[in-house]
There are 2 protein chains.
Amino acid sequence: MAPWLTDWRGRFTGRAAALVSPENSAQVAHVVGICARHRIAIVPQGGNSGMVAGATPDDSGEQIIVSLRRMNRIDPIDSETGLLRCEAGVILQNLHEAVARQGRRFPLTLGGKGSATIGGLVSTNAGGTQVLRHGTMRNLIAGIEAILPDGSLYDAMIPLKKDNRGYELKHLLIGGEGTIGIVTAAVVQTVPALLDRCVMWVGVDSPVQAYHLLLFMQARARDRLEGFEILPNRALDAVTQHIPGTRAPLDTAHKWHVLMELVQDDPAQSAPAERASDLLEEAIQSGLMENATLASSEAQADAFWKIRDSIAEAERAAGPALQHDISVPVDAMAKFIELESPVIERQWPGSLTVAFGHMGDGNIHFHVKAPPGVDVSQWHASDAKAITAHVYDRVAAYHGSLSAEHGIGQAKIAEFERLSNPVRIASLRAIKNALDPLGIMNPGKLVPLAKVTMSD
Amino acid sequence: MAPWLTDWRGRFTGRAAALVSPENSAQVAHVVGICARHRIAIVPQGGNSGMVAGATPDDSGEQIIVSLRRMNRIDPIDSETGLLRCEAGVILQNLHEAVARQGRRFPLTLGGKGSATIGGLVSTNAGGTQVLRHGTMRNLIAGIEAILPDGSLYDAMIPLKKDNRGYELKHLLIGGEGTIGIVTAAVVQTVPALLDRCVMWVGVDSPVQAYHLLLFMQARARDRLEGFEILPNRALDAVTQHIPGTRAPLDTAHKWHVLMELVQDDPAQSAPAERASDLLEEAIQSGLMENATLASSEAQADAFWKIRDSIAEAERAAGPALQHDISVPVDAMAKFIELESPVIERQWPGSLTVAFGHMGDGNIHFHVKAPPGVDVSQWHASDAKAITAHVYDRVAAYHGSLSAEHGIGQAKIAEFERLSNPVRIASLRAIKNALDPLGIMNPGKLVPLAKVTMSD
């Protein structure tokens, strides 16, 4: 059972009375019903590759893990609607492949696709690199099935495009982190397969220049722009140094880089490479970038994306860092990076910030690297907490979110409570208590419940 | 006060202790706070043009109406993001005009645009004729502000594209019919203005043929297809007979008609008329339609839409009818119309069905006209209720919704309770009671609360 008791980042370890692995919704309902009767807390678990320990039990040894992994059925795509039913335990990469074999595409993708399951992706409202065009998981879910905390089945698997019958439980389950029910199946929207794509690598002098490039590209390429990722040169350096087979796409030096993907999925559209060349030429003439190159083959396109997808691994190899998955309004992110990074580096001498990721969504992964040669456990005990609190304080000052795509889980629950508007927290508590009155559904995750004092 | 005590369709009249018309959110909060302290029930009201009496007080005379009409400020569009802040009392048509003056478009539109307010449109998750491409109101809301039942301000007006901090209260307020708070402002997404459009009128032999035409058009025109509306010939006849200045677009006879709109909002796209001609030619050759014509001018395009938009008025002039705003899965709607209509007409001799509307969303307005010459009040007392119950029973058998876009309000609450899965009703009640524990927010609407029995 050991692998399922520790979170993916290895920071939280719990114990569990049992790991239960049902093979269908009826069995999940049965298990939840028993737990409700005996007030046993349940930790739902998919691929166990979340970033905030949302699927790790506490250390009481009294909770049980309900693993959805055996529920991995994928139905064929409905040829008229493009919809597909699948069970919660389906691994994202398997879904990608099944959909591709039928000539279509499931557009949501992210680094953990080899382990992340549909149930986990729904429960964390996962994002990734194609959100700019296709939205987060919320946008791609047409139907949902869940077992609620009393063991009852909530079946909303019939996809209705319009349905105004009150509060949508679906929208609470999506991103609900298993705290008000266990998602057991979903109907997902597939999209037409790509006919062609053009991946571009662009050198820019600053996040602000990258942001103006984003505005230009969105105005001109509209939803043919599927990806817009930013990285500082120090992240590129880390990748080329630590990840074999990678090299810088441009031979000119730039402080910042942008990876853009322009796609064609409709025969009526112009060829991506042609459209991309025209746009890049115009962008360079307008002073929106310093230099750019187009991937000349699918292999090169993959190589560009590999750089982006290897940043986390390269940064891990380069040394310890604090990671923050943050968002601010899209039009404020460039300013956030430019103004806040030097403040942190001045306040904690030797620390280095690395801001990279989904600039088009106003969401970056904001790493703060430990000073070289520092004693890491001492750093974690001293500066680390203050740095993270400072980052989240600044995010709050920009009216942003301390969790753009990873969720709250256990890892962020204290900071979430500290920084959230009490009105927001109060409604979360009210909803949680209403839908899980026994408090057995993934307790201690997402919702900072009021401390129970002696007088209660 | 009289105009605000009766619903738009004139079927529900209530009384009220007062009508309060605050001019800003702080005043709304103040009023709600007072009501919470004194347990006074509140009926939020926008344009008072809803279809289900969701904004009409009960007949106790103890409720107060909180009218949002004076809160009608519209901020300028943010030039980078296309977002716009406006207050709840803004009338949709005024929003359309303000956005158009700034060179963009707010795409949601519907018959009641001259009276419907943003707050009401949010609270009912309004639909209309452009949902096929742009979605319902839910899809167009980037930020929301509301006063919750305890008088607290819920401010989620800063638009974050990605934010995974738990249950989204926004998604409960949208479509919540004012039962868990009063929406006071919103941030809406505007879209690029149309450069050109082509409106087509198509004759088909059946809803099934229309459905296959829909699939063809969506596969080929993708999201350039903005509207796909269906109507039977008897609805066209009613319009040309009762609405001055209208005439049938085709001189050939058809059992059913389809109105389609293909748009251009990107200079990179081909001209709509050209693209539409190509597609229609191919569709006729493939046997997907009987005949078709393209509007040759904006005036003619408006004339085609006027037919569609006049159906409700023409049908009212033609005689009494029961109206049902229903949805089923998109791929089942044609079958529903074809199989269910004759059953009703046989079972209630003399009655006639008229199914028209948003076929592309699986949502039609399903009218059942009273037999000619019948005593209307007697018909309402005898057959009407049974017919409506029958229609909703059949919708339920197709796993559809008895409210696709109008909401539940008072008008549908009993049928909603009768036909809904108890699990769904239980979660609605739990959420309602958790967020409005005093039960002062638009009581008697949307949520069928458990009957209080003597033993409670």
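Since the structure is predicted, the reported quantities are computational estimates derived from the model, not experimental observations.

Visitor: Would you explain the overall build of chain A in this entry?
Guide: Per the secondary structure count, chain A includes 15 helices and 16 strands. The C-alpha atoms of chain A give 23 Å as radius of gyration, which agrees with the globular expectation for 456 residues (23 Å, within 12%). Dimensions along the principal axes, computed over C-alpha positions, put chain A at roughly 70 × 60 × 40 Å. For chain A, the share of sequence-separated contacts (at least 6 apart) that also reach a separation of at least 24 residues comes to 72%. If you sum the accessible surface of chain A, you get close to 17600 Å²; carbon and sulfur atoms cover 51% of it.

Visitor: Please explain the UniProt feature "domain: FAD-binding PCMH-type" (unreviewed entry) in chain A as it appears in this structure.
Guide: Mapped onto this numbering, the UniProt entry gives "domain: FAD-binding PCMH-type" (unreviewed entry) at residues 12-193 of chain A. Along residues 12-193 of chain A, the helical share is 24% and the strand share 21%, with 39 Å between the first and last C-alpha atoms.

Visitor: Help me understand the relation of the copies chain B and chain A in this model?
Guide: Once chain B is rotated about the relating axis by 180° and shifted along it by 0.0 Å, it coincides with chain A to within an RMSD of 0.0 Å. These values place the two chain copies in the arrangement generated by a two-fold rotation axis. Of the interface residues in chain B, 100% have counterparts in chain A that sit at the interface too, so the contact is made through matching surfaces.

Visitor: Which parts of the structure should I look at to understand helix α13 (residues 376-397) of chain A?
Guide: It helps to recall that an α-helix has 3.6 residues per turn; residues three or four apart then point in one direction. Residues and elements named next belong to chain A. Of all the bends in α13, the greatest measures close to 50° and is centred on Asp 383. Those residues of α13 lying buried are Trp 379, Ala 384, Ile 387, Thr 388, Ala 389, His 390, Val 391, Tyr 392 and Val 395. Along its buried surface, α13 packs onto β14 (321-327), α12 (333-347), β16 (363-369) and α14 (413-419). In the segment just after α13, His 399 is the residue with positive phi, at about 60°.

Visitor: Help me out: how do you make sense of the interface of chain B and chain A in this one?
Guide: For interface size, the figure often reported is the accessible area lost on association. Taken residue by residue, the interface counts 75 residues in chain B and 76 residues in chain A. Buried area between chain B and chain A, summed over both chains or domains, comes out near 5900 Å², and the portion from carbon and sulfur atoms is 56%. Summed over the three residues of chain B that lose the most area to chain A, namely Lys 162, Arg 165 and Tyr 167 of chain B, the buried surface amounts to 19% of that side. Joining chain B to chain A, the criterion identifies eight salt bridges. The partner of Asp 265 of chain B in a salt bridge is Arg 222 of chain A, with the nearest N and O atoms 3.4 Å apart. Mapped by element, the contributors of at least two residues to the side of chain B that touches chain A are β7 (153-156), α6 (169-173), α7 (207-221) and α15 (422-435) of chain B.

Visitor: It is not clear to me how the domain arrangement of chain A should be interpreted in this structure. Could you clarify?
Guide: Residues and elements named next belong to chain A. When cut into domains, chain A gives domain 1 (1-193 + 420-456), domain 2 (202-309) and domain 3 (319-397). Of note, the centres of domain 1 and domain 3, computed from C-alpha atoms alone, are 29 Å apart. Each partner contributes to the interface: domain 1 provides six residues, whereas domain 3 provides four residues. Between the two partners, domain 1 and domain 3, sit zero salt bridges. Applying the counting criterion to the domain 1 and domain 3 interface returns two residue pairs in polar contact (both at pLDDT 80 or more). In the side of domain 1 that touches domain 3, the residues fall into three nonpolar, two polar and one charged.

Visitor: Explain the packing of aromatic side chains here, please?
Guide: The description of an aromatic ring pair uses the distance of the two centres, along with the angle that the planes make with each other. All names here are of chain B. Under the counting rule described, the total for this entry stands at six aromatic pairs over all chains. Seen in terms of ring centroids, Trp 201 and Phe 304 are 5.9 Å apart; in terms of plane orientation they differ by 65°. Their pairing is edge-to-face. One end of the pair, Trp 201, is in strand β10 (residues 196-204); the other, Phe 304, is in helix α10 (residues 298-309), with 103 residues separating them in the sequence. By relative accessible area, Trp 201 is classed as buried at 0%. Where Phe 336 meets Tyr 398, the ring centres are 5.0 Å apart and the plane angle is 75°; that geometry is what we call edge-to-face. Of this pair, Phe 336 sits in helix α12 (residues 333-347) while Tyr 398 sits in the loop between α13 (376-397) and α14 (413-419); the two residues are 62 residues apart in sequence, bridging distant segments of the chain. With respect to burial, Phe 336 and Tyr 398 carry one shared label: buried.

Cut-off values and rules
- Residues numbered from 1 in each chain as written.
- Chains lettered and ligands numbered in written order.
- Predicted model: local features only at pLDDT ≥ 70, side-chain atom pairs only at ≥ 80, totals over all residues.
- Heavy atoms only, no water.
- Helix = DSSP H or I, 4+ residues; strand = E, 2+ residues; numbered from the N terminus.
- Rg over C-alpha atoms; globule rule 2.2 N^0.38 Å.
- Contact = heavy atoms within 4.5 Å.
- Areas by Shrake-Rupley, 256 points an atom, 1.4 Å probe, with all protein chains shown as cover.
- UniProt positions renumbered as here; feature names shortened; annotations may be inferred.
- Least-squares fit on C-alpha atoms with pLDDT ≥ 70 in both.
- Bend = angle between axes of the 7 residues up to and from the residue.
- Buried < 20%, exposed > 50% of the residue type's maximum accessible area, 1.4 Å probe, protein only.
- Buried area = accessible area lost by both parts, 1.4 Å probe.
- Salt bridge = Lys/Arg side-chain N within 4 Å of Asp/Glu carboxyl O.
- Domains from an automatic or database assignment.
- Polar contact = N/O pair within 3.5 Å; in protein donor to acceptor, adjacent residues only side chain to side chain.
- Nonpolar A, V, L, I, M, F, W, Y, C, P; charged D, E, K, R; others polar.
- Phe/Tyr/Trp six-rings, centres within 6.5 Å; stacked < 30°, edge-to-face > 60°.

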